[in-house]
Amino acid sequence: GYAFRSCRALTEVSFPECTYIGDGAFYNCSALSSIYFPKCSYVGRDVFYSCSALTEINFPMCSYISDNAFRSCNTLSSVNLPICTTISNYAFGSCNALTSVVIPKCSFIGNSAFCFCVALTEVNFSMCSYVANYTFQGCSALTEINFPICSFVGNYAFNACSALISAIFPKCSYIGGSAFYSCSALTEASFPECSNIGSYAFQWL
């Protein structure tokens, strides 16, 4: 844990045999731009928090991303997590340059995991069954979402996604309070199996 915390001159790290990264290991390494962890299966909390020079991540064997793992990585634009199943709270919160996220095996997205990713235009979570509270709040460039097997959308999950036009959730049974609050551009919302819609779920003021 916190092994290289605030090593602000560190630009590149390579650990080809590493399978586990402890909490805060590279926290606030603001010059870190290149990382190589081909066998890592677990990224702890706060690991790359505020690594503001990091532009891309590639974790081909990682299945779990913990809280705040890449939070405030302001230049991060590319994410490759082909077998990841869990994205925890604030994992990519405020990653301002992130434009596209495709995580095909992910089944759970935690609270505020992608909140205020203001450049995010595309998300693909074909296996996701649960979207927690505030997950995509403030993703003001997001235009279309399709979660084919998701059954649960939490409170404020897509709050203030002001460019969102289409929301397709064919298996969703629960929409939390204010889930799509202030989605002023929304023209299509499909929830054919929904049985519970929370207060102000689609309100626009």
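Structural data are supplied above this passage.
Model, not experiment: these values are computed from the prediction.

Colleague: Even after reading the chapter, I still don't get the overall build of the protein, so can you show me in this structure?
Modeller: The helix and strand inventory of the protein stands at zero helices and 18 strands. Taken over C-alpha atoms, the radius of gyration comes to 17 Å for the protein, in line with the 17 Å a tight globule of 205 residues would show. Dimensions of the protein, computed from the C-alpha atoms along their principal axes, are close to 50 × 30 × 20 Å. Residue burial in the protein is summarised as follows: out of 205 residues, 45% are buried.

Colleague: Looking at this model, I keep getting lost on the sheet that holds strand β2 (residues 20-21). Mind explaining?
Modeller: Strand pairing in a sheet is mediated by backbone hydrogen bonds. Such pairs are either parallel or antiparallel. One open sheet accounts for nine strands, arranged β2-β4-β6-β8-β10-β12-β14-β16-β18; its pairing is parallel. Because the sheet does not close on itself, it has two edges, and the strands there are β2 and β18 (196-197). Of the strand pairs in this sheet, strand β8 (residues 86-87) and strand β10 (residues 108-109) are connected by two bridges, and their pairing is parallel. Bridge pairing in β10 places Ile-87 opposite Ile-109.

Colleague: Teacher, can you tell me more about the state of the cysteines here?
Modeller: Note: disulfide means a covalent bond formed between the sulfur atoms of two cysteine side chains. Evaluation of the coordinates by the stated rule reveals zero disulfides. Unpaired in this structure, Cys-95 has its nearest cysteine sulfur neighbour in Cys-73, at a distance of 5.2 Å. Looking at Cys-95, the relative accessible area reads 0%, which means it is buried. For Cys-117, which is in no disulfide, the shortest distance to another cysteine sulfur is to Cys-139 and amounts to 5.1 Å.

Colleague: Even after reading the chapter, I still don't get the environment of Lys-39, so can you show me in this structure?
Modeller: Its place among the elements puts Lys-39 in the loop between β3 (34-36) and β4 (42-43). A relative accessible area of 41% places Lys-39 in the partly exposed class. Between the C-alpha atoms of Lys-39 and Met-61, which are 22 residues apart in sequence, the distance is 5.5 Å. Aside from chain neighbours lying at most four places away, what touches Lys-39 is Pro-16, Glu-17, Cys-18, Thr-19 and Met-61.

Colleague: Before we go on, may I ask you to explain the packing of aromatic side chains in this structure?
Modeller: Any pair of aromatic rings gets described here by the distance separating the centres and the angle formed by the planes. In total, this model carries 34 aromatic pairs according to the counting rule given. Pairing Tyr-27 with Tyr-49 gives two aromatic rings, centres 5.2 Å apart and planes at 55°, and the pair type is tilted. With a gap of 22 residues between them, Tyr-27 in the loop between β2 and β3 and Tyr-49 in the loop between β4 and β5 (56-58) connect regions that are remote in the sequence. On the accessibility criterion, Tyr-27 (22% relative accessible area) is partly exposed. Its relative accessible area of 18% is what places Tyr-49 among the buried residues. Ring centres of Phe-147 and Phe-169 lie 5.1 Å apart, and the angle between their planes is 5°; this geometry places the pair in the stacked category. Of this pair, Phe-147 sits in the loop between β13 (144-146) and β14 (152-153) while Phe-169 sits in the loop between β15 (166-168) and β16 (174-175); the two residues are 22 residues apart in sequence, bridging distant segments of the chain. The two residues Phe-147 and Phe-169 agree in class, both being buried. Above the plane of the ring of Tyr-27 lies Arg-5, whose end atom (NZ or CZ) is 4.6 Å from the centre. Over the ring of Tyr-90 we find Arg-71, and its NZ or CZ is 4.1 Å from the ring centre.

Colleague: Where do I start with the pattern of salt bridges in this structure?
Modeller: Note that side chains of opposite charge can pair when their charged atoms are close. If you walk through the whole model with that rule in mind, you get four salt bridges. A salt bridge links Asp-46 to Arg-45, with the nearest nitrogen and oxygen atoms 4.0 Å apart. A relative accessible area of 35% means that Arg-45 is categorised as partly exposed. A salt bridge links Arg-45 to Asp-67; its shortest N-O distance comes to 3.3 Å. Of this pair, Arg-45 sits in the loop between β4 and β5 while Asp-67 is found in the loop between β6 (64-65) and β7 (78-80), placing the two residues 22 residues apart along the sequence. Overlapping salt bridges, with partners in common, bring together Arg-45, Asp-46 and Asp-67 in one network.

Colleague: Got a minute to help me understand the nonpolar core in this structure?
Modeller: Grouped burial of nonpolar side chains is what soluble globular proteins tend to show. Phe-48, Phe-59, Phe-92, Phe-136, Phe-147, Phe-158 and Phe-180 are the most contacted members of the largest nonpolar core, which has 63 residues in total. Among residues more than four places away in sequence, those in contact with Phe-147 are Ile-109, Val-123, Phe-125, Cys-128, Val-131, Phe-136, Phe-158, Ile-168, Phe-169 and Pro-170.

About the cut-offs
Residues numbered from 1 in each chain as written. Predicted model: local features only at pLDDT ≥ 70, side-chain atom pairs only at ≥ 80, totals over all residues. Heavy atoms only, no water. Helix = DSSP H or I, 4+ residues; strand = E, 2+ residues; numbered from the N terminus. Rg over C-alpha atoms; globule rule 2.2 N^0.38 Å. Buried < 20%, exposed > 50% of the residue type's maximum accessible area, 1.4 Å probe, protein only. Pairing = 2+ DSSP bridges. Disulfide = S-S within 2.5 Å. Contact = heavy atoms within 4.5 Å. Phe/Tyr/Trp six-rings, centres within 6.5 Å; stacked < 30°, edge-to-face > 60°. Lys NZ or Arg CZ within 6 Å of the ring centre and 35° of its normal. Salt bridge = Lys/Arg side-chain N within 4 Å of Asp/Glu carboxyl O. Core = buried A, V, L, I, M, F, W, Y, C linked by side-chain atoms within 4.5 Å.

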